[in-house]
Amino acid sequence: LMRVDPKQLDQLLHPNFDPKQKKECVGKGLPASPGGATGKVVFNADDAEDWAKKGEKVILVRIETSPEDIGGMNAAQGILTARGGMTSHAAVVARGMGKCCVAGVSDLQIDYKSKRFTLGKAIVNEGDYISLDGSKGEIYLGKVDTIEPELSGDFGKLMKWADSARKLLVRTNADTPHDAKVARKFGAEGIGLCRTEHMFFEGDLIVAVREMILA
């Protein structure tokens, strides 16, 4: 058990790409938050929320993110930024949400006005599909199929060994019913941390909270 790096296990708890599918890598950044994500490119948080409400899967592409982007980050499948490191806003928030994130892609040139970005020889417009591998920090053109994680096989066996040796209960960081359900699926025994601000993403709840604070 002590020979296993916990970061390797973290990668197994997120959706990952089908290894049999061909991928066209066009750039690389920092592996800021693990997992695989695919979706249509959008360039601002409001669009990410609007497109997600219509049933679209989106990737939020920003030069860098700020607290005002939190709603769009929550709605997106993954986040791609041109600036920032492993402790940038995008990286820290994405890891907290369990979202895939590739940050600090220095070759990524974003034109918000024309709603497109260039990366190497690739030109990607709003609405085009891209895929992110947050475990490797790689960006791919087009859609790549993802495989949902399962607590089975060798991973399940390792977790049973850990259960037999551990002395602490495992509680999860979960802010929504969906997060709590996923955590329970992976064996969490309760909620250890719940940040109430994330409960106000749905609908117009956040507007009411802001009005209350300003009053």
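Refer to the structure above for everything that follows.
Keep in mind that what you see is a predicted model, and the values were worked out from it rather than measured.

Overview of the overall build of the chain
Reasoning step 1: Assigned secondary structure in the chain consists of seven helices and 15 strands.
Reasoning step 2: Expected size for 215 residues packed as a compact globule is a radius of gyration near 17 Å; at 18 Å, the chain falls within 12% of this value.
Reasoning step 3: Dimensions of the chain, computed from C-alpha atoms along their principal axes, come out at roughly 55 × 55 × 30 Å.
Reasoning step 4: Pairs at least 24 apart in sequence give 53% of the contacts found in the chain among residues at least 6 apart.

Focus on the sheet that holds strand β2 (residues 25-28)
Pairing between the strands of a sheet comes from backbone hydrogen bonds, and it takes one of two forms, parallel or antiparallel.
Reasoning step 1: As summarised here, the arrangement of the eight strands in space is β2-β12-β11-β4-β5-β6-β7-β3, forming an open sheet in which the pairing is mixed. Here the strands that pair on one side only, and so sit at the sheet edges, are β2 and β3 (30-33). Averaged over all pairs of adjacent strands, the angle between strand axes in this sheet comes to 30°, irrespective of strand direction.
Reasoning step 2: With three bridges joining them, β2 and strand β12 (residues 138-141) adopt antiparallel strand pairing. Looking at β12, one finds that Lys28 is bridged to Glu138.
Reasoning step 3: Here helix α2 (residues 45-53) sits on the sheet in contact with β4 (36-42) and β5 (58-62), set at roughly 110° to β4.
Reasoning step 4: Contacting β3, β6 (78-81) and β7 (100-103), helix α4 (residues 89-97) runs over the sheet at an angle of about 45° to β3.

As for unusual backbone geometry
Leave glycine aside and you will find that most residues have negative phi; peptide bonds, for their part, are mostly trans.
Reasoning step 1: A positive phi angle, close to 55°, is found at Lys115, a residue other than glycine.
Reasoning step 2: Residue position: Lys115 is located in the loop between β8 (109-111) and β9 (116-119).

The rules behind these values
Residues numbered from 1 in each chain as written. Predicted model: local features only at pLDDT ≥ 70, side-chain atom pairs only at ≥ 80, totals over all residues. Heavy atoms only, no water. Helix = DSSP H or I, 4+ residues; strand = E, 2+ residues; numbered from the N terminus. Rg over C-alpha atoms; globule rule 2.2 N^0.38 Å. Contact = heavy atoms within 4.5 Å. Pairing = 2+ DSSP bridges. Axes fitted to C-alpha atoms, helices over the stretch in contact; angles between N-to-C directions.

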